[in-house]
Amino acid sequence: MTDHVDVLIVGAGLSGIDAAYHVNKAFPDKSYAVLEMRGALGGTWDLFRYPGIRSDSDMHTLGFGWKPWKGTKAIVDGPDILAYLQEAAAENGIDEHIRYHHKVVHAEFSTADARWTVSIERTDTGETTEVTADFLWSASGYYNYDAGFTPEFAGREDFEGQVVHPQQWPEDLDYQGKRVVVIGSGATAVTLIPALANSGAGHVTMLQRTPTYIISQPTHDHVSAQMYKRLPDMVAKKLIRTRYLTSRIAFYEFCQARPTESRALLRKLLERQLPKGVDFDEHFRPPYDPWDQRLCAVPGGDLFKALRQHTVDIVTDHIERFTPKGILLKSGQELEADIIVTATGLNLSLFGGATLAVDGAFVKPSDSMVYKGLMLSDVPNFAFIMGYTNASWTLKADLVCEYVVKLLRHMDKTSTRTVVPNRDPSIAEEPFLDFQAGYVMRVIDAMPKQGSTYPWRMKMNYFQDVLAFRKPVADEALEFSA
């Protein structure tokens, strides 16, 4: 017999667990499965093992809307996030529906059968198998789990030390007492650098080509902890999430509307934390406006503490080449190193690298337009989760999950078997993400397009999305068929 489920979810990370919870709660009689290519749940929070791994979003909004985070920390370490996800899956029986070592290679939809046939490769045995499903839901994130991005550095083979990418951090890496150069200035770098400095590295140098906006945040949130102590859980949860949502979105909108003023504010907040001798304009003044790329959160100001203790320094320059002893810069300076960490970004990979086809015709993502940021034009019975670039990923994931549940309910109520967004040729194309991060710009031409007007244009504002997503699902862009 063919293995068949009503809803097939791809990915057992944060998004996949969220999707599974909503399907299970809304449709206890529907069958579902979660396919995970790795041997454990947790996605990002199980994969990354470098020192100091943590979220750069507060846990009150990164946590699920249906499982409030009650810890005193707002910015939370990776192991604690992983434990939270494991607990969420176990409490709701989701872990029993996860099929590990199942990598989706290809999925094809048959209009005649109103059904997906999904080709799977077992990553543990190499065997191949198939699963059919009425509805296919990709919750695999947006980057390649196999390898991160590392530029081609001249002379890399000459370096006598060790080169490591944070995405493949060796468990046995010995950096005690050693000189470490971390290339990069994004969230991974500002997380990793103080952790290395505080756990035994001899000296850590942050080597950046371009500065990043960095903002310090309190490590602990005592206000939220008191709310949970003094108020009913549901009341506290709503108040805390609203508090974080309002402040984060208001600051983002302020940065977008008043870039000059927001630059000045961020400068004022950061300058007071820098030690003497660290030049703000050289090392902390990006050439772009705030939120053209994501701001980096530094909980407790740990990076600045390390700078004041002189266990970390910052160099802003371009790399000429690697040398046997370290890195030669364009300025002529040579940074000596025992270990070089290339915190240089991610490789994007849509739908976990799987290919899609409809009735034998392959789907080329760059020819598709995104409907409400969760479906592809002309691809039936398919949804995906793509979080916000300016707020917690889970905020968008929760809304997508609620919407897909409404969509499936509508199909059940109207006895329809397929739903497909039909692209309006009059809608102008725009880039999928209006975001200048390098990992986005490297692949922007291969990604789907968004449209110039809603519902083909994505919103990057949670409150606007709440209003839009909670309207009835049936509209002129969606075609339902029996």
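Just above sits the structure.
A brief structural summary. Quantities reported herein were computed from a predicted structural model and do not represent experimental measurements. (Residues numbered from 1 in each chain as written. Predicted model: local features only at pLDDT ≥ 70, side-chain atom pairs only at ≥ 80, totals over all residues. Heavy atoms only, no water.)

**Some remarks on the sheet that holds strand β14 (residues 326-329)**
Spatial strand order, β13-β14-β15: three strands in an open sheet with antiparallel pairing. Here the strands that pair on one side only, and so sit at the sheet edges, are β13 (319-323) and β15 (334-336). Neighbour-to-neighbour, the strand axes of this sheet turn through a mean angle of 20°, independent of strand direction. Alignment of β14 against β15, held across three bridges, turns out to be antiparallel. Bridging from a neighbouring strand, Gly 326 pairs with Glu 336 of β15. (Pairing = 2+ DSSP bridges. Helix = DSSP H or I, 4+ residues; strand = E, 2+ residues; numbered from the N terminus. Axes fitted to C-alpha atoms, helices over the stretch in contact; angles between N-to-C directions.)

**Side note on the sheet that holds strand β8 (residues 179-183)**
Spatially, β7-β16-β8-β9-β12 is the arrangement adopted by the five strands of the open sheet, whose pairing is parallel. Since the sheet does not close on itself, it has two edges, and those belong to β7 (162-164) and β12 (312-316), each with one partner. Neighbour-to-neighbour, the strand axes of the sheet open up by a mean angle of 20°, direction not taken into account. Sheet analysis places strand β9 (residues 203-208) next to β12, joined by five bridges and oriented parallel.

**Quick word on the pattern of salt bridges**
Enumeration according to the criterion identifies 28 salt bridges in this entry. The shortest N-O distance in the salt bridge between Lys 30 and Asp 412 comes to 3.3 Å. One end of the pair, Lys 30, is in the loop between α1 (14-26) and β2 (32-36); the other, Asp 412, is in helix α11 (residues 393-414), and 382 residues separate them in sequence. Residues Asp 56 and Arg 294 are paired through a salt bridge, measuring 3.0 Å at the closest nitrogen-oxygen approach. A residue pair is termed long-range when its members are at least 10 positions apart, and Asp 56 in the loop between α2 (44-47) and α3 (59-62) and Arg 294 in the loop between α9 (280-283) and β11 (296-299) qualify at 238 residues. Using a relative accessible area of 25% as the deciding quantity, one classes Asp 56 as partly exposed. Judged by relative accessible area, which is 23%, Arg 294 ranks as partly exposed. It is possible to trace a salt-bridge network through shared partners that takes in Arg 267, Glu 271, Asp 281 and Arg 285. (Salt bridge = Lys/Arg side-chain N within 4 Å of Asp/Glu carboxyl O. Buried < 20%, exposed > 50% of the residue type's maximum accessible area, 1.4 Å probe, protein only.)

**Brief notes about the nonpolar core**
If you look at soluble globular proteins, the nonpolar side chains tend to sit buried side by side. Among the nonpolar cores identified, the biggest contains 135 residues, and Trp 137 and Val 182 are the most heavily contacted of them. At 12 residues, α11 tops the list of elements feeding residues into this core. When neighbours within four sequence positions are excluded, Val 182 is seen to be in contact with Ala 189, Leu 192, Ile 193, Leu 196, Val 204, Thr 205, Met 206, Leu 207, Val 341 and Ala 343. Counting 12 residues, the second largest nonpolar core, distinct from the first, contains Phe 153, Val 181, Val 315 and Ile 327. (Core = buried A, V, L, I, M, F, W, Y, C linked by side-chain atoms within 4.5 Å. Contact = heavy atoms within 4.5 Å.)

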